[in-house]
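# Descriptive analysis of the structure
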Amino acid sequence: MERKVGLIPKVMISGPLGLKEYGVLVTDRRTIFVLEKKSSAAIGGAIGGAIGAIIADAITSSERTYDYENENPDRLGSDERNVVVPHDQISRIRLKKGLSGCSLLMEYSDSSGKARKVKAMLMPPPELIQRRKSEGVKGKAVVADYAKSAQRVFELALPASVAQNGEWRI
Amino acid sequence: MKKSKIMTAVGGILIALGLIGVVWGIQPAKGTETLTIPSGDGYFGYLKISGWLNGHLSGDFSVTSDGIVNFYILDPSQYDEYSYDLQPSDNMKSISASTGEFSVDLPSSGSYYMAIDHGSGYESMTQTVEINFEVTGFDMIFLFGGIVLAAIGAVVSLLGLRVRAKETVDVTAKPTISDVTVFDEKPKPPN
(Lines give C-alpha, C1' and ligand atoms only; values in the text may rest on other atoms or scores of the structure.)
Protein backbone atom coordinates (compact mmCIF):
# COMPACT_ATOMS: atom_id res chain seq x y z
CA MET A 1 0.00 0.00 0.00
CA GLU A 2 1.22 3.47 -0.89
CA ARG A 3 2.37 5.33 2.21
CA LYS A 4 1.90 9.11 2.53
CA VAL A 5 5.14 10.57 3.86
CA GLY A 6 4.59 14.29 3.89
CA LEU A 7 3.13 17.43 2.47
CA ILE A 8 4.64 20.65 1.17
CA PRO A 9 1.53 22.83 1.29
CA LYS A 10 2.46 25.45 -1.26
CA VAL A 11 4.76 25.73 -4.27
CA MET A 12 4.41 27.91 -7.36
CA ILE A 13 5.08 26.75 -10.91
CA SER A 14 5.35 29.18 -13.77
CA GLY A 15 3.49 28.21 -16.95
CA PRO A 16 2.65 29.91 -20.25
CA LEU A 17 -0.62 31.22 -18.81
CA GLY A 18 0.85 32.50 -15.57
CA LEU A 19 1.68 31.16 -12.16
CA LYS A 20 -0.02 28.07 -10.80
CA GLU A 21 -0.17 27.13 -7.16
CA TYR A 22 0.29 23.51 -6.14
CA GLY A 23 0.24 21.51 -2.96
CA VAL A 24 2.86 18.73 -3.03
CA LEU A 25 1.91 15.37 -1.58
CA VAL A 26 4.95 13.13 -1.19
CA THR A 27 4.42 9.40 -0.81
CA ASP A 28 6.93 6.56 -0.68
CA ARG A 29 6.34 5.96 -4.40
CA ARG A 30 5.79 9.32 -6.01
CA THR A 31 5.54 13.07 -5.63
CA ILE A 32 2.19 14.53 -6.68
CA PHE A 33 1.98 18.24 -7.47
CA VAL A 34 -1.71 18.97 -6.86
CA LEU A 35 -3.06 22.00 -8.67
CA GLU A 36 -4.86 24.20 -6.17
CA LYS A 37 -5.04 27.57 -7.83
CA LYS A 38 -4.22 28.86 -11.29
CA SER A 39 -3.94 32.23 -12.88
CA SER A 40 -6.76 33.08 -15.29
CA ALA A 41 -5.04 36.03 -16.90
CA ALA A 42 -5.51 34.54 -20.37
CA ILE A 43 -9.28 34.42 -19.89
CA GLY A 44 -9.32 38.05 -18.84
CA GLY A 45 -7.04 38.98 -21.69
CA ALA A 46 -9.33 37.36 -24.20
CA ILE A 47 -12.28 39.33 -22.89
CA GLY A 48 -10.18 42.44 -22.69
CA GLY A 49 -10.32 45.71 -20.88
CA ALA A 50 -11.25 46.55 -17.34
CA ILE A 51 -14.15 44.11 -17.23
CA GLY A 52 -11.88 41.31 -18.35
CA ALA A 53 -9.35 42.16 -15.69
CA ILE A 54 -12.02 42.18 -13.01
CA ILE A 55 -13.42 38.83 -14.16
CA ALA A 56 -9.94 37.32 -14.29
CA ASP A 57 -9.19 38.58 -10.80
CA ALA A 58 -12.44 37.10 -9.55
CA ILE A 59 -11.80 33.72 -11.19
CA THR A 60 -8.31 33.44 -9.70
CA SER A 61 -9.84 33.79 -6.26
CA SER A 62 -11.55 30.41 -6.60
CA GLU A 63 -9.41 27.49 -5.59
CA ARG A 64 -9.44 23.77 -4.84
CA THR A 65 -8.69 22.61 -1.35
CA TYR A 66 -7.85 19.11 -0.19
CA ASP A 67 -7.64 17.26 3.06
CA TYR A 68 -4.30 15.72 2.11
CA GLU A 69 -4.00 13.61 5.21
CA ASN A 70 -7.13 11.68 4.26
CA GLU A 71 -7.04 12.10 0.48
CA ASN A 72 -6.46 9.04 -1.69
CA PRO A 73 -3.16 9.48 -3.63
CA ASP A 74 -4.58 7.48 -6.54
CA ARG A 75 -7.39 9.98 -6.96
CA LEU A 76 -4.92 12.87 -6.95
CA GLY A 77 -2.54 11.00 -9.25
CA SER A 78 -5.24 10.34 -11.83
CA ASP A 79 -6.23 14.01 -12.11
CA GLU A 80 -4.75 15.30 -15.37
CA ARG A 81 -4.28 18.76 -13.92
CA ASN A 82 -1.80 17.37 -11.40
CA VAL A 83 1.83 16.49 -12.07
CA VAL A 84 3.02 13.09 -10.93
CA VAL A 85 6.72 12.31 -10.51
CA PRO A 86 7.42 8.58 -9.92
CA HIS A 87 10.32 8.28 -7.49
CA ASP A 88 11.90 5.38 -9.31
CA GLN A 89 12.13 7.52 -12.44
CA ILE A 90 13.87 10.51 -10.89
CA SER A 91 17.26 11.25 -12.46
CA ARG A 92 17.89 14.46 -10.57
CA ILE A 93 16.47 16.37 -7.63
CA ARG A 94 17.71 19.72 -6.46
CA LEU A 95 16.67 22.13 -3.74
CA LYS A 96 18.45 25.42 -4.23
CA LYS A 97 18.44 28.72 -2.45
CA GLY A 98 18.27 31.66 -4.82
CA LEU A 99 17.75 35.39 -4.72
CA SER A 100 13.98 35.18 -4.84
CA GLY A 101 13.57 32.15 -2.59
CA CYS A 102 14.12 28.45 -2.74
CA SER A 103 13.51 26.39 -5.88
CA LEU A 104 12.83 22.71 -6.36
CA LEU A 105 13.91 20.97 -9.55
CA MET A 106 12.95 17.38 -10.38
CA GLU A 107 14.04 15.66 -13.58
CA TYR A 108 12.43 12.33 -14.38
CA SER A 109 11.02 10.09 -17.06
CA ASP A 110 7.28 9.85 -17.53
CA SER A 111 5.33 6.63 -18.19
CA SER A 112 6.22 6.77 -21.91
CA GLY A 113 9.92 7.15 -21.11
CA LYS A 114 10.01 10.79 -22.14
CA ALA A 115 12.37 13.03 -20.15
CA ARG A 116 10.48 15.59 -18.11
CA LYS A 117 11.31 18.16 -15.52
CA VAL A 118 9.35 20.23 -13.08
CA LYS A 119 10.66 23.40 -11.47
CA ALA A 120 8.83 25.00 -8.60
CA MET A 121 9.37 27.80 -6.13
CA LEU A 122 8.81 26.87 -2.50
CA MET A 123 6.39 29.41 -1.09
CA PRO A 124 5.44 29.27 2.57
CA PRO A 125 1.69 29.94 2.88
CA PRO A 126 0.76 33.40 4.25
CA GLU A 127 -0.68 31.83 7.42
CA LEU A 128 2.68 30.23 8.17
CA ILE A 129 4.63 33.43 7.50
CA GLN A 130 2.22 35.40 9.69
CA ARG A 131 2.45 32.88 12.49
CA ARG A 132 6.24 32.58 12.41
CA LYS A 133 6.68 36.36 12.19
CA SER A 134 4.49 36.75 15.24
CA GLU A 135 6.97 34.38 16.93
CA GLY A 136 9.78 36.77 16.01
CA VAL A 137 11.16 34.77 13.07
CA LYS A 138 12.32 36.77 10.06
CA GLY A 139 10.87 36.15 6.60
CA LYS A 140 14.07 34.67 5.12
CA ALA A 141 14.37 32.28 8.03
CA VAL A 142 10.77 31.15 7.52
CA VAL A 143 11.56 30.32 3.87
CA ALA A 144 14.77 28.53 4.86
CA ASP A 145 12.98 26.45 7.52
CA TYR A 146 10.24 25.64 5.03
CA ALA A 147 12.84 24.45 2.51
CA LYS A 148 14.70 22.38 5.12
CA SER A 149 11.46 20.70 6.14
CA ALA A 150 10.74 19.96 2.48
CA GLN A 151 14.20 18.43 2.15
CA ARG A 152 13.50 16.21 5.15
CA VAL A 153 10.24 15.02 3.59
CA PHE A 154 12.06 14.08 0.38
CA GLU A 155 14.86 12.36 2.25
CA LEU A 156 12.28 10.28 4.09
CA ALA A 157 10.33 9.43 0.96
CA LEU A 158 12.82 9.00 -1.86
CA PRO A 159 14.76 5.81 -2.53
CA ALA A 160 18.11 6.04 -0.73
CA SER A 161 20.07 6.25 -3.99
CA VAL A 162 18.04 9.23 -5.19
CA ALA A 163 18.10 10.98 -1.83
CA GLN A 164 21.87 10.55 -1.48
CA ASN A 165 22.45 12.03 -4.93
CA GLY A 166 20.07 14.88 -4.28
CA GLU A 167 21.48 18.36 -4.55
CA TRP A 168 20.50 20.02 -1.32
CA ARG A 169 21.81 23.56 -1.55
CA ILE A 170 19.75 25.36 1.00
CA MET B 1 -31.10 30.64 -4.52
CA LYS B 2 -27.66 31.56 -3.20
CA LYS B 3 -26.85 35.21 -2.67
CA SER B 4 -23.81 34.93 -4.95
CA LYS B 5 -25.90 33.57 -7.83
CA ILE B 6 -28.39 36.41 -7.49
CA MET B 7 -25.56 38.95 -7.45
CA THR B 8 -23.78 37.51 -10.46
CA ALA B 9 -27.10 37.25 -12.35
CA VAL B 10 -28.03 40.85 -11.55
CA GLY B 11 -24.50 41.96 -12.44
CA GLY B 12 -24.67 40.08 -15.73
CA ILE B 13 -28.00 41.66 -16.61
CA LEU B 14 -26.65 45.15 -15.80
CA ILE B 15 -23.56 44.51 -17.93
CA ALA B 16 -25.76 43.32 -20.81
CA LEU B 17 -28.07 46.35 -20.51
CA GLY B 18 -25.06 48.64 -20.27
CA LEU B 19 -23.51 47.17 -23.40
CA ILE B 20 -26.83 47.49 -25.23
CA GLY B 21 -26.90 51.14 -24.12
CA VAL B 22 -23.36 51.70 -25.39
CA VAL B 23 -24.19 50.09 -28.75
CA TRP B 24 -27.41 52.09 -28.92
CA GLY B 25 -25.48 55.25 -28.07
CA ILE B 26 -23.26 54.96 -31.13
CA GLN B 27 -26.11 54.14 -33.51
CA PRO B 28 -27.45 56.93 -35.76
CA ALA B 29 -30.84 58.34 -34.74
CA LYS B 30 -33.22 58.59 -37.65
CA GLY B 31 -36.66 60.13 -37.72
CA THR B 32 -39.44 61.74 -39.67
CA GLU B 33 -41.49 64.52 -38.11
CA THR B 34 -44.34 66.58 -39.47
CA LEU B 35 -44.63 70.17 -38.26
CA THR B 36 -47.71 72.31 -38.82
CA ILE B 37 -47.35 76.07 -38.76
CA PRO B 38 -50.68 77.81 -38.07
CA SER B 39 -51.69 80.68 -40.31
CA GLY B 40 -50.62 84.12 -39.16
CA ASP B 41 -47.45 86.09 -38.47
CA GLY B 42 -45.01 84.98 -35.82
CA TYR B 43 -45.81 81.26 -35.81
CA PHE B 44 -43.01 78.75 -36.09
CA GLY B 45 -42.24 75.13 -35.31
CA TYR B 46 -39.05 73.47 -34.19
CA LEU B 47 -37.36 70.17 -33.40
CA LYS B 48 -34.72 70.08 -30.67
CA ILE B 49 -31.67 67.82 -30.73
CA SER B 50 -29.40 67.56 -27.72
CA GLY B 51 -26.78 65.43 -26.03
CA TRP B 52 -24.79 64.31 -29.08
CA LEU B 53 -21.02 64.21 -28.91
CA ASN B 54 -19.15 64.75 -32.18
CA GLY B 55 -22.56 64.83 -33.88
CA HIS B 56 -23.63 65.40 -37.45
CA LEU B 57 -27.16 66.29 -38.56
CA SER B 58 -28.37 65.67 -42.10
CA GLY B 59 -31.66 65.19 -43.90
CA ASP B 60 -34.24 66.96 -46.00
CA PHE B 61 -37.59 68.69 -45.69
CA SER B 62 -40.52 69.28 -47.99
CA VAL B 63 -43.62 71.39 -47.67
CA THR B 64 -46.56 69.02 -48.07
CA SER B 65 -49.07 71.87 -48.28
CA ASP B 66 -48.53 74.95 -50.50
CA GLY B 67 -45.81 77.56 -50.65
CA ILE B 68 -42.35 77.89 -49.27
CA VAL B 69 -40.99 77.97 -45.71
CA ASN B 70 -37.92 79.36 -43.99
CA PHE B 71 -35.88 76.49 -42.58
CA TYR B 72 -33.07 77.08 -40.10
CA ILE B 73 -30.61 75.05 -38.09
CA LEU B 74 -29.67 77.05 -35.00
CA ASP B 75 -27.55 76.81 -31.89
CA PRO B 76 -29.06 77.89 -28.54
CA SER B 77 -28.06 81.57 -28.71
CA GLN B 78 -29.22 81.81 -32.32
CA TYR B 79 -32.46 80.12 -31.34
CA ASP B 80 -33.00 82.67 -28.54
CA GLU B 81 -32.86 85.47 -31.09
CA TYR B 82 -35.00 83.53 -33.57
CA SER B 83 -37.74 82.78 -31.06
CA TYR B 84 -37.98 86.51 -30.28
CA ASP B 85 -38.66 87.84 -33.79
CA LEU B 86 -37.89 85.00 -36.24
CA GLN B 87 -34.90 87.04 -37.41
CA PRO B 88 -31.70 85.36 -36.22
CA SER B 89 -28.60 87.44 -36.89
CA ASP B 90 -26.69 84.24 -37.60
CA ASN B 91 -27.45 80.57 -38.24
CA MET B 92 -25.82 77.24 -38.98
CA LYS B 93 -28.02 76.63 -42.02
CA SER B 94 -30.77 78.64 -43.72
CA ILE B 95 -33.02 77.60 -46.61
CA SER B 96 -36.09 79.38 -48.01
CA ALA B 97 -37.78 76.91 -50.34
CA SER B 98 -40.51 74.31 -50.62
CA THR B 99 -37.95 71.52 -50.35
CA GLY B 100 -34.35 71.39 -49.25
CA GLU B 101 -31.51 69.29 -47.94
CA PHE B 102 -29.22 69.98 -45.03
CA SER B 103 -26.02 68.58 -43.57
CA VAL B 104 -24.25 70.25 -40.66
CA ASP B 105 -21.80 69.28 -37.95
CA LEU B 106 -22.89 69.69 -34.33
CA PRO B 107 -19.66 70.93 -32.76
CA SER B 108 -20.58 70.50 -29.11
CA SER B 109 -22.82 68.23 -27.06
CA GLY B 110 -25.35 71.02 -26.36
CA SER B 111 -28.74 71.64 -27.92
CA TYR B 112 -29.51 72.43 -31.54
CA TYR B 113 -32.77 73.35 -33.22
CA MET B 114 -34.38 72.79 -36.61
CA ALA B 115 -36.85 75.69 -36.90
CA ILE B 116 -39.43 76.47 -39.57
CA ASP B 117 -41.63 79.50 -40.18
CA HIS B 118 -43.76 80.79 -43.02
CA GLY B 119 -42.02 81.81 -46.23
CA SER B 120 -42.50 85.36 -47.37
CA GLY B 121 -46.04 85.79 -48.74
CA TYR B 122 -47.41 82.60 -47.16
CA GLU B 123 -48.12 83.91 -43.64
CA SER B 124 -51.87 83.63 -44.12
CA MET B 125 -51.70 79.87 -44.86
CA THR B 126 -51.51 76.89 -42.55
CA GLN B 127 -48.39 75.11 -43.76
CA THR B 128 -47.35 71.54 -43.12
CA VAL B 129 -43.72 70.44 -43.45
CA GLU B 130 -42.27 66.94 -43.31
CA ILE B 131 -38.68 66.65 -42.07
CA ASN B 132 -36.54 63.56 -42.47
CA PHE B 133 -33.39 63.68 -40.38
CA GLU B 134 -30.50 61.55 -39.23
CA VAL B 135 -28.12 62.31 -36.36
CA THR B 136 -24.81 60.47 -36.17
CA GLY B 137 -22.22 60.67 -33.39
CA PHE B 138 -22.39 59.56 -29.80
CA ASP B 139 -25.63 59.85 -27.90
CA MET B 140 -24.21 60.82 -24.53
CA ILE B 141 -27.18 59.67 -22.47
CA PHE B 142 -27.10 56.12 -23.83
CA LEU B 143 -23.31 55.97 -24.17
CA PHE B 144 -22.37 57.18 -20.70
CA GLY B 145 -25.48 55.67 -19.12
CA GLY B 146 -24.50 52.34 -20.67
CA ILE B 147 -20.90 52.62 -19.48
CA VAL B 148 -22.03 53.45 -15.93
CA LEU B 149 -24.56 50.61 -15.96
CA ALA B 150 -21.95 48.13 -17.26
CA ALA B 151 -19.45 49.30 -14.63
CA ILE B 152 -22.00 48.85 -11.84
CA GLY B 153 -22.82 45.42 -13.27
CA ALA B 154 -19.15 44.48 -13.32
CA VAL B 155 -18.74 45.53 -9.69
CA VAL B 156 -21.87 43.59 -8.63
CA SER B 157 -20.64 40.53 -10.59
CA LEU B 158 -17.23 40.82 -8.97
CA LEU B 159 -18.76 40.99 -5.52
CA GLY B 160 -20.98 38.03 -6.41
CA LEU B 161 -17.98 35.99 -7.54
CA ARG B 162 -16.10 36.86 -4.36
CA VAL B 163 -19.11 35.84 -2.27
CA ARG B 164 -19.28 32.61 -4.27
CA ALA B 165 -15.60 31.94 -3.64
CA LYS B 166 -16.23 32.35 0.09
CA GLU B 167 -19.32 30.13 -0.09
CA THR B 168 -17.32 27.49 -1.95
CA VAL B 169 -14.60 27.56 0.66
CA ASP B 170 -17.20 27.33 3.42
CA VAL B 171 -18.86 24.31 1.80
CA THR B 172 -15.63 22.45 1.14
CA ALA B 173 -13.92 23.62 4.30
CA LYS B 174 -11.44 20.99 5.35
CA PRO B 175 -8.50 20.99 7.66
CA THR B 176 -5.75 22.98 6.00
CA ILE B 177 -2.08 22.57 6.60
CA SER B 178 0.10 25.64 6.37
CA ASP B 179 3.53 24.17 7.14
CA VAL B 180 5.50 21.30 5.66
CA THR B 181 4.14 18.23 7.38
CA VAL B 182 5.52 14.77 7.85
CA PHE B 183 2.73 12.22 7.94
CA ASP B 184 4.82 9.13 8.45
CA GLU B 185 8.41 8.82 9.59
CA LYS B 186 8.72 5.09 9.33
CA PRO B 187 12.16 4.09 8.14
CA LYS B 188 12.39 3.27 4.49
CA PRO B 189 12.87 -0.32 3.48
CA PRO B 190 16.41 -0.92 2.24
CA ASN B 191 16.91 -0.53 -1.52
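So, a few notes on the structure that sits alongside this text. Treat the numbers as computed from the prediction; the structure is a model and nothing was measured.

### A few points about the pairing of strand β4 (residues 69-74) of chain B
Residues and elements named next belong to chain B. Judged by how many residues are buried, β4 sits mostly within the fold: five of six residues are covered. Of the pairings in the sheet, the one linking β4 to strand β5 (residues 93-97) comprises five bridges and is antiparallel in character. Bridging from a neighbouring strand, valine 69 pairs with alanine 97 of β5.

### A few points about unusual backbone geometry
Residue and element names in this part refer to chain B. Even without being glycine, asparagine 54 reaches a positive phi, approximately 55°. Note that asparagine 54 resides in strand β3 (residues 52-63). Owing to 12 C-beta atoms within 10 Å, asparagine 54 belongs among the exposed residues under this scheme.

### Considerations on helix α5 (residues 139-157) of chain A
Residues and elements named next belong to chain A. Over its 19 residues, α5 extends 27 Å from the first C-alpha to the last, a length consistent with the 27 Å expected when each residue adds 1.5 Å. Looking only at α5, the buried set comprises Val143, Tyr146, Ala147, Ala150, Gln151, Val153, Phe154 and Ala157. Here the buried residues of α5 occupy an arc of 160° about the axis, which is enough to place them on one side.

### Comments concerning the nonpolar core
All names here are of chain A. Within the largest apolar cluster, 37 residues are counted, with the highest numbers of intra-cluster contacts made by Ile8, Val11, Val24, Leu25, Leu122, Ala150 and Val153. For this core, the secondary structure elements donating two or more residues are β1 (4-15), β2 (18-27), β3 (30-38), β4 (83-86), β5 (90-98), β6 (101-109), β7 (115-122) and α5. Of all the elements, α5 adds the most residues to this core, at seven residues. The contact partners of valine 11, leaving out residues within four places of it in the chain, are Tyr22, Val24, Leu104, Ala120, Met121, Leu122 and Met123.

Calculation rules
- Residues numbered from 1 in each chain as written.
- Chains lettered and ligands numbered in written order.
- Predicted model: local features only at pLDDT ≥ 70, side-chain atom pairs only at ≥ 80, totals over all residues.
- Buried ≥ 20, exposed ≤ 12 C-beta atoms within 10 Å, placed from the backbone.
- Helix = DSSP H or I, 4+ residues; strand = E, 2+ residues; numbered from the N terminus.
- Pairing = 2+ DSSP bridges.
- Expected span 1.5 Å × (residues − 1).
- Arc of directions from axis to C-beta.
- Core = buried A, V, L, I, M, F, W, Y, C linked by C-beta atoms within 7 Å.
- Contact = placed C-beta atoms within 7 Å.

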